[in-house]
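The lines below spell out each chain.
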Amino acid sequence: MTKKEKALAVCEILNEEYGTDLRCYLEYDKRKPWQLLVATILSAQCTDERVNIVTKDLFKKYKTLKSIADADVTEFEKDIYSTGFYKNKAKNIIACAAALLERYDGTVPSDIDELTSLPGVGRKTANVIRGNVYNISSIVVDTHVKRVSKLLGLTKEDDPVKVEYDLMKVIPKEQWILYNFQVIAHGRKICISGRPKCSNCVLRSLCNNAK
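As the structure is a computational prediction, the values presented were derived from the model and not from experiment.

Draft legend 1. Expanded view of the packing of aromatic side chains. Applying the stated criterion across every chain yields a total of four aromatic pairs. Each ring, one from Tyr 25 and one from Phe 181, has its centre 6.3 Å from the other, and the planes form 75°; the classification is edge-to-face. Residue Tyr 25 is found in the loop between helix H1 (3-18) and helix H2 (33-42), and its partner Phe 181 is found in helix H11 (residues 176-189); the two are separated by 156 residues along the sequence. A cation over an aromatic ring shows up here: Lys 30 above the ring of Tyr 28, its NZ or CZ 5.3 Å from the ring centre. Geometry around Tyr 25 places Arg 188 over its ring, the cationic atom sitting 4.7 Å from the centre.

Draft legend 2. The arrangement of empty space enclosed by the protein in detail. Evaluated as defined, the whole model comprises one cavity of 30 Å³ or more. Looking at the largest cavity, its volume works out to about 40 Å³. Together, Trp 34, Leu 37, Val 38, Ile 41, Leu 65, Ile 93, Cys 96, Ala 97 and Leu 100 line the largest cavity. Secondary structure elements with two or more residues in the lining of the largest cavity: H2 and helix H6 (86-104). Class assignment for the residues of the lining of the largest cavity results in nine nonpolar, no polar and no charged.

Draft legend 3. Inspection of the nonpolar core at higher detail. Phe 76 and Leu 118 are the most contacted members of the largest nonpolar core, which totals 38 residues. Examining the composition of this core, we find that eight residues originate from one element, H6, more than from any other. Contacts of Leu 118, omitting those with residues within four sequence positions, involve Leu 37, Cys 96, Ala 99, Leu 100, Arg 103, Tyr 104 and Pro 109.

Draft legend 4. Looking closely at the side chain of Gln 35. Along the chain, Gln 35 falls in helix H2. In terms of polar contacts, Gln 35 uses its side chain to reach the backbone amide nitrogen of Asp 29, at 2.8 Å. Residue contacts for Gln 35: discarding those within four places in its chain leaves Tyr 28, Asp 29 and Phe 59.

Draft legend 5. How the structure looks around the pattern of salt bridges. One pass over the structure, following the stated rule, counts nine salt bridges. Its salt-bridge partner being Lys 61, residue Asp 79 comes within 3.1 Å of it at the nearest N-O pair. Of the two residues, Asp 79 sits in helix H5 (residues 73-79) while Lys 61 sits in helix H3 (residues 48-61), which places them 18 residues apart along the sequence. Overall, the relative accessible area of 25% leaves Asp 79 in the partly exposed class. When the shortest N-O distance is used, the salt bridge between Arg 123 and Glu 164 registers 2.7 Å. One end of the pair, Arg 123, is in helix H8 (residues 123-132); the other, Glu 164, is in helix H10 (residues 160-170), with 41 residues separating them in the sequence. Overlapping salt bridges, with partners in common, bring together Lys 61, Glu 75 and Asp 79 in one network.

Analysis parameters
Residues numbered from 1 in each chain as written. Predicted model: local features only at pLDDT ≥ 70, side-chain atom pairs only at ≥ 80, totals over all residues. Heavy atoms only, no water. Phe/Tyr/Trp six-rings, centres within 6.5 Å; stacked < 30°, edge-to-face > 60°. Helix = DSSP H or I, 4+ residues; strand = E, 2+ residues; numbered from the N terminus. Lys NZ or Arg CZ within 6 Å of the ring centre and 35° of its normal. 1 Å grid on protein atoms, 1.4 Å probe; cavity = no way out; pocket = protein on both sides within 12 Å on 5 of 7 lines; lining within 4 Å. Points joined across faces, edges and corners; volume = space filled by probe spheres on them. Nonpolar A, V, L, I, M, F, W, Y, C, P; charged D, E, K, R; others polar. Core = buried A, V, L, I, M, F, W, Y, C linked by side-chain atoms within 4.5 Å. Buried < 20%, exposed > 50% of the residue type's maximum accessible area, 1.4 Å probe, protein only. Contact = heavy atoms within 4.5 Å. Polar contact = N/O pair within 3.5 Å; in protein donor to acceptor, adjacent residues only side chain to side chain. Salt bridge = Lys/Arg side-chain N within 4 Å of Asp/Glu carboxyl O.

As structure tokens, then:
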């Protein structure tokens, strides 16, 4: 079985097990894409559950992009403290809000290069925006996607960007966004870091590391 054939088989099983409905684990007002951008920056080294708790109050306090751009950095640090790395995140989010207002009149761009030029926005964050806001086929490499894809033998890389490009070669483009959601769900439910439930895994027969 080639790597591409294996990827197709993996996608078929994931579709059957987790369905093909697109869903975002980060909560935001779909009329305000900048909220997803903020939430995704906050999600670095933090669980989606914790981010959703923080943004529930954060977006009530800061109702507009301008209110974030004008925020006092020390106060903003306190608002997002529990997400970790709060000093760097606060600085980047405030600068990102200011850049969106200055360069794009407050509109979150869809272009990958424009997105990654914003403070605090890497390819992972940019691809979350492209996939969820603009429905542009994108692969988001978070810890679950990297770990599960590596265990399945779809990549040997550790660098998220290299993992992204490896997966783009073998996962069908129409499956890219779905793959993100499905593998995250699988990584949380079955292929748990350090304690995988291999005996209950629907991908067991395709996994290089199934125990």
